[in-house]
Amino acid sequence: MSKNPTPLDRVRDFEREQAMKVSADERPLFHLTPLVGWMNDPNGFCWYKGQYHLFYQYHPFSRQWGPMHWGHAVSENLLHWTYMPCALAPDTAADAGGCFSGSAVEMPDGKLLLCYTGVQPAGTFRRETQAQCVAVGDGIDFEKSLLNPVVRHAHLPEGYSEYDFRDPKIWREDGMYYMAAANRHEKKQGAILLLKSFDGLDWHFVTELDASDNEYGRMWECPDFFPLDGKQVLLVSPQEMHAREEFHAGYGTVAILGQYDKKEHTFTRESIQPVDHGLTFYASQTTLAPDGRRIMIGWMDNWETCKEAPRRHPWYAQMSMPRELFIENDRLCQRPVREIETLWQDTVRHDSVTVCEETALQGVQGRLLDMTVTLHVQNSACRRFTLHVAKDESHYIEIRCDLARGELVFDRSHGGSHRDIAHTRHVKAEVKNGVLTLRLLLDKESVELFINGGERVVTSLIPTPLEADGITFAADAPLPVSVEAHHLK
Ligand code: FRU
């Protein structure tokens, strides 16, 4: 007798049918998009059995957010992704309202443990609640624990929320499992809680690692917590930030650098900075590559603007370029994963070309490009440099550098959007030893800009028609500029 199909079987059937309908040309070259439908946060990013696995918040049945599933893809180089069948569907009492964000870790027996937030729908007398669930599998099929939810509000001391309690990031250390999860404290707002477990099922509250104290946003989402170059890094994605210092208002990504006393489980904050200064970057998550690199990926979108974004494809949303993280001068810095070099073709170089009036450079154009522009500012009277990409008669994306102030403006106002949403961001871009470098990754409908070797990053989707592929350079006084442009295939 054949079994009735489960909700997950139905999604997997739907995926098989849809996968045939989308050609690779309809997707970015090296940024992950959902197989079909909607995608938000990266989940369960890990290296498992010889491949990177990346799961994602997923609503297969429409290009809008809806009941959350976990989509799944694998890759060997972080650039070319192969779709796997949907991993989790909201189909149990513990997660009937959705399988929200979470993470993955290999267990001692070689199985993969997924840990995610189960949302329990509102009932007659209560609001929707959130608790943490687990599922164990072989990297393709996962079985949810009958004990779910394994971490509930009852595990927490007083003052923490049962409604905003989500996005567990788990790791293994010294024979134990640890979890950093986001919560909203009734007084302090965003708070990251540490829990521990011997087996991944029986969890105990340890401490609060850090909290917003109403200073850096209200709810904090999607934490990550890891050592890097002698520091401990806590990543969080705050909601409802006030603009302050280098932080823009609204949804953002924040890195808190500090020291972690593993015995006492105390985290001491030393500094705080934005992770990405762009218009579309949120909910970042990291994993450790087999060669020891700490690699971060984020949702290349933003809750504020995604509602207004064009839906041109059968899928909606993209992940960012995966980035290698490192600490330099006490700041968290990023560079695109070096695997991108395997896509380089037809490299074009221009050394110290003097730029003044708006000009194009031979061979430097396109929407699939890894381009580094070096401004040799030292002996120039230039104060203002302007770079246009994705340009035609009616469109352009503008990157304006005020060299005297050490500030850069990323501006997509002329990128083709008809929506009254944020289109500009201001970010520090300081001339160092007479030089400012801008590395841009263009992949059709996105720009990722790495300033001064990744000291600051600006990520943005661009709605510009693909035919707009011009690039121009301009300066208000003669400025020597070097350009190295790798076309990407
Ligand atoms: C962040 C987030 C998470 C949540 C998920 C739901 O973008 O709001 O906190 O788990 O999205 O899709």
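Residues numbered from 1 in each chain as written. Predicted model: local features only at pLDDT ≥ 70, side-chain atom pairs only at ≥ 80, totals over all residues. Heavy atoms only, no water.

Asks: I'd love a proper account of the side chain of Gln273, names of residues and values included.
Replies: In this fold, Gln273 is placed in strand β16 (residues 266-274). Among the residues examined, Gln273 registers a relative accessible area of 4% and is labelled buried. A polar atom in the side chain of Gln273 sits 2.7 Å from the backbone nitrogen of Leu332. Once residues lying within four places of it in the same chain are set aside, the contact partners of Gln273 are Phe247, Thr253, Val254, Ala255, Leu257, Asp330, Arg331 and Leu332. (Helix = DSSP H or I, 4+ residues; strand = E, 2+ residues; numbered from the N terminus. Buried < 20%, exposed > 50% of the residue type's maximum accessible area, 1.4 Å probe, protein only. Polar contact = N/O pair within 3.5 Å; in protein donor to acceptor, adjacent residues only side chain to side chain. Contact = heavy atoms within 4.5 Å.)

Asks: Residue-level account of the domain arrangement of the protein chain, with values.
Replies: Interfaces are often sized by the accessible area lost when the parts come together. According to the domain assignment, the protein chain consists of domain 1 (7-336) and domain 2 (343-488). Computed from C-alpha atoms alone, the centre-to-centre distance between domain 1 and domain 2 is 31 Å. Opposite the 35 residues of domain 1 that make contact, domain 2 presents 32 residues. When the two sides are added together, the surface that domain 1 and domain 2 hide from each other amounts to roughly 2,900 Å², 57% of it contributed by carbon and sulfur. At the boundary of domain 1 and domain 2, one finds four salt bridges. Salt-bridge contacts for Glu308 lead to Arg419; the nearest nitrogen and oxygen are separated by 3.5 Å. Taken together, the connections running from domain 1 to domain 2 amount to 21 residue pairs in polar contact (both at pLDDT 80 or more). Of all the secondary-structure elements, those providing two or more residues to the side of domain 1 that touches domain 2 are β20 (323-328) and β21 (331-336). The element contributing the most residues to the side of domain 1 that touches domain 2 is β21, with six residues. Classifying every residue of the side of domain 1 that touches domain 2 gives 13 nonpolar, 12 polar and 10 charged. (Domains from an automatic or database assignment. Buried area = accessible area lost by both parts, 1.4 Å probe. Salt bridge = Lys/Arg side-chain N within 4 Å of Asp/Glu carboxyl O. Nonpolar A, V, L, I, M, F, W, Y, C, P; charged D, E, K, R; others polar.)

Asks: I'd like to hear about the nonpolar core, residue by residue, with values.
Replies: With 44 residues, the main nonpolar core has Phe30 and Ile340 as its most contacted residues. Elements with a minimum of two residues in this core: α1 (7-19), β1 (37-48), β2 (51-59), β17 (282-288), β18 (294-299) and α2 (303-306). It is β2 that contributes the most residues to this core, four residues altogether. When residues of this core are assigned to domains, at least three map to each of domain 1 (7-336) and domain 2 (343-488). Excluding its chain neighbours within four sequence positions, the residues that come into contact with Phe30 are Leu78, Leu79, Met321, Ile340, Leu343, Leu441, Leu442, Asp443 and Leu488. Core analysis: the next-biggest nonpolar cluster, separate from the first, contains 40 residues, Leu279, Val348, Ala390 and Val447 among them. (Core = buried A, V, L, I, M, F, W, Y, C linked by side-chain atoms within 4.5 Å.)

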